[in-house]
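# Summary of the model geometry
As a plain string of letters, each chain reads:
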Amino acid sequence: MEELSENEGIHSKREFNFLKYLENVVEAETILYTGKVVAVKGLEVESEGPRAVIGEMCSIKLRDGSALLAEVIGLDEKHVKLAPFGETKGIEVGCEVVASGHSLMVPVGKNLLGRIIDASGRPCDEKGELIPDTYYPAVASPPAPNDRVDINRRIVTGVRAIDSLLTVGKGQRLGIFAGSGVGKSTLLSIIARNTNADINVIGLIGERGREVLDFVNRDLGEEGMKRSVLVVATSDEPSICRLRAAQVCTAIAEYFRDQGKDVMLMMDSMTRFAHAQREIGLAAGEPPAQKGYPPSVFDMIPKLLERSGTNKNGTITAFYTVLVDGDDMNEPITDKVRGTLDGHIVLSRRLASAYHYPAIDVLQSISRLSKRVSGAQTRKAVGQLRTWMSAYQDNETMITAGIYQKGNSPSVDIAIDKHQAIEEFLKQEEYEPCPIQETLSKLSELTGIEIPEEEYVENPAAAIPTTAQIVDSAKHSAASNS
């Protein structure tokens, strides 16, 4: 009996494992839906068939045997409207169109670190094939409100002006608003190098081709690249590539967040994302609304921005740059993004012209969650510094013209005395790292308000009661006294 059971054990070990083959059979497409190209109109390819849904990926078979990836962006009776992920050169009437049966899926995994990929998730850095751990959908829904964890931990950006006066929490989303050539990309590079986040996910959307390797070699460097993923869609690529690159970038950040990481997501720029959707929407026949933007643009912006933030596993802290057309802070895209995010950082052309870098206009900028992640003494120091800056700005014309007489206002006198020191505090070279301990120490020295070392930690406001707790405590005290 013992010999029989031993033989059975050996036989069971030699049994052939059909499981992996069964999985391949289940996933195999046994029926392909096909159609044929009937027209090419500008950015858009029209085909008769295949049976497909909005957002589905298709392949257009060209005469030379190659295939062009395209996405379904519109349906009109039997006609399917496609946006190709490449040049329309080589497409002719009659080309076969094959539906894939799924939307754009992004390869994700730890092997992405140090890599550069394109809008379809394919590597474009000549470092070999990418072996993913799994796939995430490029277009996904944001986390449910009940799944979002409270933001109560500070993230360090390494930018003195931000870490002191515009403190950012892990999972917060901010916009960097500026005109062209004021320093948006440079500010992002400083954050990417110096942040204490676990992973950087960086999207270069609609940027100049030369800026990609410049950002990798000059700004990030070898050490920064080791914990970063770059998603690139340059300005010469089709609008669907620029649009989907932003969503691919977000999907990668979502994967690392689900792995319990604190992710720093940086996207440059939201304006070019909006321009890409405008081109696609107008080509598909949408009517223009505000300043030529179709309604779909204003629908897609919050859907993209709301995907970052916190969930039960990790955080995505996000910085989105916005190219302000004509330096108009009230133009439609700027206004929509600013109203959706948890704060905004305004870069001033006047400061940049005076060689004040980073050119952050502190008084025009705001971090809505800064008090949640700052200690009590730090808040006092920040309030004092802002008061001096505001007093100087309100009287700057009189001060520089020599009209103001010292002694007229004690608060203005102090603001004048402190002005040069404040300017030096806010200036920072792009190669100059600034740890949070150094930032808060200099803030304390500048304002004369002592900031204890207990506030140097990640969650310095943990012991500070919330407004609701203070009100409830007051009610209980009043009830017990009566």
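Residues numbered from 1 in each chain as written. Predicted model: local features only at pLDDT ≥ 70, side-chain atom pairs only at ≥ 80, totals over all residues. Heavy atoms only, no water.

### Details of the layout of surface pockets
- Taken as a whole, the largest pocket holds about 850 Å³ of empty space.
- Only α4 (184-194), β13 (199-207) and α5 (209-226) provide two or more residues apiece to the lining of the largest pocket.
- Of the residues forming the lining of the largest pocket, the biggest block, 6 residues, is contributed by α5.
- Taken together, the residues of the lining of the largest pocket break down into 11 nonpolar, 8 polar and 14 charged.
- Counted as a void, the second largest pocket has a volume near 540 Å³.
- Elements supplying a minimum of two residues to the lining of the second largest pocket: β4 (67-76), α6 (239-258), α7 (270-283) and α8 (295-305).
- Sort the elements by how many residues they give to the lining of the second largest pocket and α8 lands first, with 5 residues.
- The class makeup of the residues in the lining of the second largest pocket is 14 nonpolar, 6 polar and 6 charged. (1 Å grid on protein atoms, 1.4 Å probe; cavity = no way out; pocket = protein on both sides within 12 Å on 5 of 7 lines; lining within 4 Å. Points joined across faces, edges and corners; volume = space filled by probe spheres on them. Helix = DSSP H or I, 4+ residues; strand = E, 2+ residues; numbered from the N terminus. Nonpolar A, V, L, I, M, F, W, Y, C, P; charged D, E, K, R; others polar.)

### Focus on the nonpolar core
- If you look at the biggest cluster of nonpolar residues, it comprises 58 residues, and the most contacted ones within it are I162, L230, F319, I345 and I360.
- The greatest single-element share of this core, amounting to 7 residues, is contributed by helix α11 (residues 376-394).
- Aside from chain neighbours lying at most four places away, what touches L230 is R115, I116, I117, I202, L204, F215, V216, L220 and M225.
- The next biggest cluster of nonpolar side chains, apart from the first, holds 55 residues, and it includes M57, I199, V201 and I252. (Core = buried A, V, L, I, M, F, W, Y, C linked by side-chain atoms within 4.5 Å. Buried < 20%, exposed > 50% of the residue type's maximum accessible area, 1.4 Å probe, protein only. Contact = heavy atoms within 4.5 Å.)

Nothing here speaks to function; it is geometry throughout.
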